[in-house]
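Next come the chains, spelled out residue by residue.
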Amino acid sequence: MRILIIGTGGTIASAKTERGYKAKLSVDEILELAGIKGNGVEIETKDILNLDSTLIQPEDWVTIGMAVFENLNDYDGIVITHGTDTLAYTSSALSFMLRNVPVPIVLTGSMLPITEPKSDAPRNLKTALTFAMRGLPGVYVAFMDKIMLGTRVSKVHSLGLNAFQSVNYPDVAYVKGDEIVVRHRPKLPSGKPEFDPSIDPNVVHLRLTPGLSPDVFLSIAEKVNGIVLEGYGAGGIPYRGRNLLKAVSKVTEEKPVVMTTQALYGGVDLTRYEVGRRALEAGVIPAGDMTKEATLTKLMWALGHTKSVEEVREIMGRNIAGELSSAF
């Protein structure tokens, strides 16, 4: 059995410097510090980036995806070490770019550097490697013994070790020692493996707040090709006082505006309230129960294939990589 570990940096690869922690260690150095050995499994490593994940850009997703795709046929599983701040964005983006993968692709990281005595890096690495060896095909995130679908993960704690949760979707599996306990088998498409990296990163994510100026919204909309609007609760757009709804309706004629929610769980239902129905009538595309990370990366991926608002609407409403519970 052969496993490839691709290094991209992050806290797991960090060591102290005069300016704070900085990603600087190679995967081989991480494995040595973690005390992880193959134990009969051939582990190979490849460092392609060494960045704090705050610095990760959409173009880096393509670089990571290409490294995975080029090695799919040579390994039984692939682990990607990554910083935690943007890990959920990367796992979602890779899920759209890498289709029908025949082996487990597992992203992991740590909240404490491997150079620290109580680092969670060894635990998370062992979880990722165990699932990569005997787990299910697809793109996943391994953290604190949990295996979560790549399009359903969000970082929910900035410092705590149990920093990631699967949102609106069950954990796929748990790893206990060398044992994998599968709790949920994702129904993912099957077919020939495909790498589809076409993305348009010129997308903005705006958080709806009381008093958000329609003029500010329109000014931003002029400069981007798509907008994710993070609304309140089940979703809706204010039209009393500052008529943001009118501004949104002008934009949706030419550019997609997708509504997600500030609430962590439950998702968007624009049919529930009058303010939501008005948003639908204004041309807003609901994100359903997708995570904010999946919504943003999926919109980038959709716009990489078409600039037609109606075609983007169809793509956003279609379940592609397990990101959406029910198509619309």
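What comes next concerns the included structure.

Rules and cut-offs
Residues numbered from 1 in each chain as written. Predicted model: local features only at pLDDT ≥ 70, side-chain atom pairs only at ≥ 80, totals over all residues. Heavy atoms only, no water. Helix = DSSP H or I, 4+ residues; strand = E, 2+ residues; numbered from the N terminus. Areas by Shrake-Rupley, 256 points an atom, 1.4 Å probe, with all protein chains shown as cover. Pairing = 2+ DSSP bridges. 1 Å grid on protein atoms, 1.4 Å probe; cavity = no way out; pocket = protein on both sides within 12 Å on 5 of 7 lines; lining within 4 Å. Points joined across faces, edges and corners; volume = space filled by probe spheres on them. Nonpolar A, V, L, I, M, F, W, Y, C, P; charged D, E, K, R; others polar. Phe/Tyr/Trp six-rings, centres within 6.5 Å; stacked < 30°, edge-to-face > 60°. Buried < 20%, exposed > 50% of the residue type's maximum accessible area, 1.4 Å probe, protein only. Lys NZ or Arg CZ within 6 Å of the ring centre and 35° of its normal.

## Some points on the overall build of the protein
- From N to C terminus, the protein includes nine helices and 18 strands.
- Projected onto its principal axes, the C-alpha positions of the protein cover 65 × 50 × 30 Å.
- As presented, the protein carries roughly 14400 Å² of accessible surface, and 49% of it is formed by carbon and sulfur atoms.

## What about the sheet that holds strand β15 (residues 203–207)?
- A sheet is described by the order of its strands in space; here four strands give the open sequence β15-β16-β17-β18, paired in parallel fashion. With partners counted over all chains shown, the strands left at the sheet margins are β15 and β18 (285–286), one partner each.
- One ladder, built from two bridges, connects strand β17 (residues 257–261) with β18; its direction is parallel. Within β18, the residue paired with Val-258 across the bridge is Ile-285.

## Let's talk about unusual backbone geometry
- Phi at Asn-100 is positive, roughly 60°, even though this residue is not glycine.
- Locating Asn-100 in the fold gives a position in the loop between β6 (98–99) and β7 (104–108).
- Positive phi values are uncommon outside glycine, yet Asp-145 reaches one of about 70°.
- The topology assignment puts Asp-145 in the loop between β8 (138–143) and β9 (146–149).

## Re empty space enclosed by the protein
- Counted under the stated rule, the structure contains two cavities of 30 Å³ or more.
- By volume, the largest cavity is sized at about 70 Å³.
- Looking at the largest cavity, the residues that line it are Ser-154, Val-167, Asn-168, Thr-260, Thr-261, Ala-263, Leu-264, Gly-267, Met-290, Thr-291 and Lys-292.
- Its residues assigned to classes, the lining of the largest cavity shows four nonpolar, six polar and one charged.
- Size it by volume and the second largest cavity reaches roughly 30 Å³.
- Taken together, Trp-61, Ala-93, Phe-96, Met-97, Ile-199, Thr-297 and Trp-301 form the lining of the second largest cavity.
- For the lining of the second largest cavity, the secondary-structure elements that each account for two or more residues are α3 (87–97) and α8 (292–303).
- With three residues, α3 is the single largest residue contributor to the lining of the second largest cavity.
- Grouping the amino acids of the lining of the second largest cavity by side-chain chemistry returns six nonpolar, one polar and no charged.

## What to know about the packing of aromatic side chains
- This structure, assessed with the given rule, holds four aromatic pairs.
- When the ring of Phe-69 is compared with that of Phe-195, the centres are 5.7 Å apart and the planes differ by 25°; the resulting orientation is stacked. Here Phe-69 is found in helix α2 (residues 58–71), whereas its partner Phe-195 is found in strand β14 (residues 194–195), with 126 residues between them in sequence.
- A relative accessible area of 30% means that Phe-69 is categorised as partly exposed.
- Its guanidinium or amino end placed over the ring of Tyr-75, Arg-2 lies 4.5 Å from that ring's centre, counting from NZ or CZ.
- Above the ring of Tyr-239, the side-chain terminus of Arg-278 is found at 4.0 Å from the ring centroid.

So yeah, pure geometry; function would need other evidence.
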